[in-house]
Amino acid sequence: MKIVTCIYNEKEYAGVLMEDGKVCLLGGVSSVNEIIDNGGVKEGNIDNGRMVEADQVRMLAPIPRPKQDVICLGINYADHAKESEKFDKEAFGGERPKAIYFSKRVNFAPGDGWDICGHFDIVDSLDYESELGVIIGKDAKDVPLEEVKDYIFGYTVINDISARNVQTSHKQWYFGKSLDDFTPMGPCIVTADEIDYPPALRITSKVNGELRQNGTTDMLITDIDHIISELSHGMTLKAGTIIATGTPSGVGMGMDPPCFLKEGDVVECEIEKIGKLRNKIVK
């Protein structure tokens, strides 16, 4: 099932993207977070819903206002680790025997088709990162490795927009990753039952139609089982928690010379079986 959040007649709805391309505006629920808390879409939500054409709605991120900061994995693909160290050895080099975790403040996550502010008054090296987002389906505490998949509600596409100059100059990543608009997400959440576990999906990004990133989600250094199990042994991952699992090589800072985003650029992040997230960079 593909779950979305959208605007119809100036009102926000949780919905389901149907196989015929229409959107069912669900009845009896106010948000996708409520759907997650209730254990999924119920038959009555669809029966009491309203079918509309896709071109009648404006898509939002499936969870436009996350309950908490998005949890992220840094340097979690081997080839991305190499290109990052090449760009800035002090910031990204060194041994990494453990996973790198950081978070992103997300006041509002833009959806597919939304413009992204580049904050060019303080950013001179705007970058993209196509990532698989994992959505936790129920409160997770002390989860064994073999039970992790039972705690996953679904998957989405995340573009971890990054201000490299801000990220590296502050010696930590929170500010440079958390500017407004820097966590576009979508176009939907595909429920976990639709995708074989662990996910081995093609993940790509394009800038103005040029292929930049091209990998698969089974290339993670720290896999989903270990991410969720490890985190849950130190903190409770609440239902609705969003985890961005890292990005493959091909980001702007990894090019020779580096090639950062500018006003007017269009970034497309796509993951097999989930969909495409397309955003334009504006001032």
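Residues numbered from 1 in each chain as written. Predicted model: local features only at pLDDT ≥ 70, side-chain atom pairs only at ≥ 80, totals over all residues. Heavy atoms only, no water.

A. The overall build of the protein chain, seen in detail. Scanning the protein chain for helices and strands turns up seven helices and 18 strands. Over its C-alpha atoms the protein chain spans a radius of gyration of 18 Å, differing by no more than 12% from the 19 Å that the globule rule assigns to 283 residues. With respect to the three principal axes, the spread of C-alpha positions in the protein chain is 55 × 45 × 30 Å. A burial count over the protein chain gives 53% of its 283 residues as buried. For the protein chain, long-range pairs separated by at least 24 residues make up 75% of all intrachain contacts whose partners lie at least 6 apart in sequence. Where the 31 positive side-chain charges of the protein chain centre and where its 46 negative ones centre are 2 Å apart. (Helix = DSSP H or I, 4+ residues; strand = E, 2+ residues; numbered from the N terminus. Rg over C-alpha atoms; globule rule 2.2 N^0.38 Å. Buried < 20%, exposed > 50% of the residue type's maximum accessible area, 1.4 Å probe, protein only. Contact = heavy atoms within 4.5 Å. Lys, Arg positive; Asp, Glu negative; His and termini not counted. Charge placed at Lys NZ, Arg CZ, Asp CG, Glu CD.)

B. View of the nonpolar core. The biggest cluster of nonpolar side chains holds 82 residues, and the ones touching the most others in it are Y155, I224, I228, I243 and I274. It is strand β11 (residues 152-159) that contributes the most residues to this core, five residues altogether. Filtering out sequence-adjacent residues up to four positions away, Y155 remains in contact with L132, G133, V134, C188, I189, V190, A192, I195, Y197, P199, I224 and I274. (Core = buried A, V, L, I, M, F, W, Y, C linked by side-chain atoms within 4.5 Å.)

C. Quick peek at the sheet that holds strand β18 (residues 275-282). Spatial ordering of the open sheet is given by β8-β18-β17-β14-β15, a layout of five strands whose pairing is mixed. Two strands close off the open sheet at either side, each with one partner strand: β8 (115-117) and β15 (210-216). The average undirected angle you get between the axes of adjacent strands in this sheet is 20 degrees. As paired elements, strand β14 (residues 202-207) and β15 share six bridges and run antiparallel to each other. Across the sheet, the residue bridging to R202 is T216, located in β15. (Pairing = 2+ DSSP bridges. Axes fitted to C-alpha atoms, helices over the stretch in contact; angles between N-to-C directions.)

D. View of helix α7 (residues 224-232). Listed in full, the buried residues belonging to α7 are I224, I227, I228, S229, L231 and S232. Those residues of α7 that are buried lie in contact with β6 (70-74), β7 (100-104), β10 (130-136), β11 and β16 (242-244).

E. Fine view of unusual backbone geometry. A cis amide bond links Y197 with the next residue in sequence, P198, at an omega value of -5 degrees. You can see P198 is positioned in the loop between β13 (185-191) and β14. That bond from D256 to P257 is cis: its omega, 0 degrees, falls within 30 degrees of zero. Tracing the backbone through its elements, the reader meets P257 in the loop between β16 and β17 (266-271). Here the phi dihedral of I75 falls at roughly 50 degrees; this positive angle occurs in a residue that is not glycine.

F. Structural detail: the pattern of salt bridges. Evaluated as defined, the whole model comprises 13 salt bridges. In this structure, K22 and E53 form a salt bridge, with 3.8 Å as the shortest nitrogen-oxygen distance. Here K22, found in the loop between β2 (11-17) and β3 (23-25), pairs with E53, found in the loop between β4 (50-52) and β5 (58-60); they are 31 residues apart in sequence, far enough to count as distant. You can call E53 partly exposed: its relative accessible area is 39%. Note that R212 and E210 form a salt bridge whose closest N and O atoms lie 3.3 Å from each other. Sharing partners across several salt bridges, the network here consists of K104, D127, E129, D160, R164 and K177. (Salt bridge = Lys/Arg side-chain N within 4 Å of Asp/Glu carboxyl O.)

G. A look at the packing of aromatic side chains. Here the structure, examined in full by the defined rule, presents three aromatic pairs. For R58, the ring lying beneath its charged end belongs to W114, and the centroid distance is 3.6 Å. Above the face of the Y151 ring, K138 is positioned so that its terminal group lies 4.7 Å from the ring centre. (Phe/Tyr/Trp six-rings, centres within 6.5 Å; stacked < 30°, edge-to-face > 60°. Lys NZ or Arg CZ within 6 Å of the ring centre and 35° of its normal.)

H. Summary view of a negative patch on the surface. A cluster of acidic residues, E19, D20, D193 and E194, forms a negative patch on the protein surface. Looking at where E194 falls in the secondary structure, it is placed in the loop between β13 and β14. (Patch = residues over 30% accessible without salt bridge, like charges linked within 9 Å, V, L, I, M, F, W, Y side chains within 5 Å. Areas by Shrake-Rupley, 256 points an atom, 1.4 Å probe, with all protein chains shown as cover.)

I. Highlighting the pairing of β2. As defined by bridge partners, strand β1 (residues 2-8) adjoins β2 across seven bridges and the pair is classed as antiparallel. Following the sheet pairing, I3 is matched in β2 by V16. With antiparallel pairing between neighbouring strands as the criterion, β1 and β2 make up a hairpin whose turn holds two residues, including N9 at a positive phi of roughly 50 degrees. Pairing between β2 and β3: three bridges, direction antiparallel. Within the sheet, the bridge partner assigned to G15 lies in β3 and is L25. Connecting β2 to the next strand, β3, in antiparallel fashion are five residues, including G21 with a positive phi near 90 degrees.

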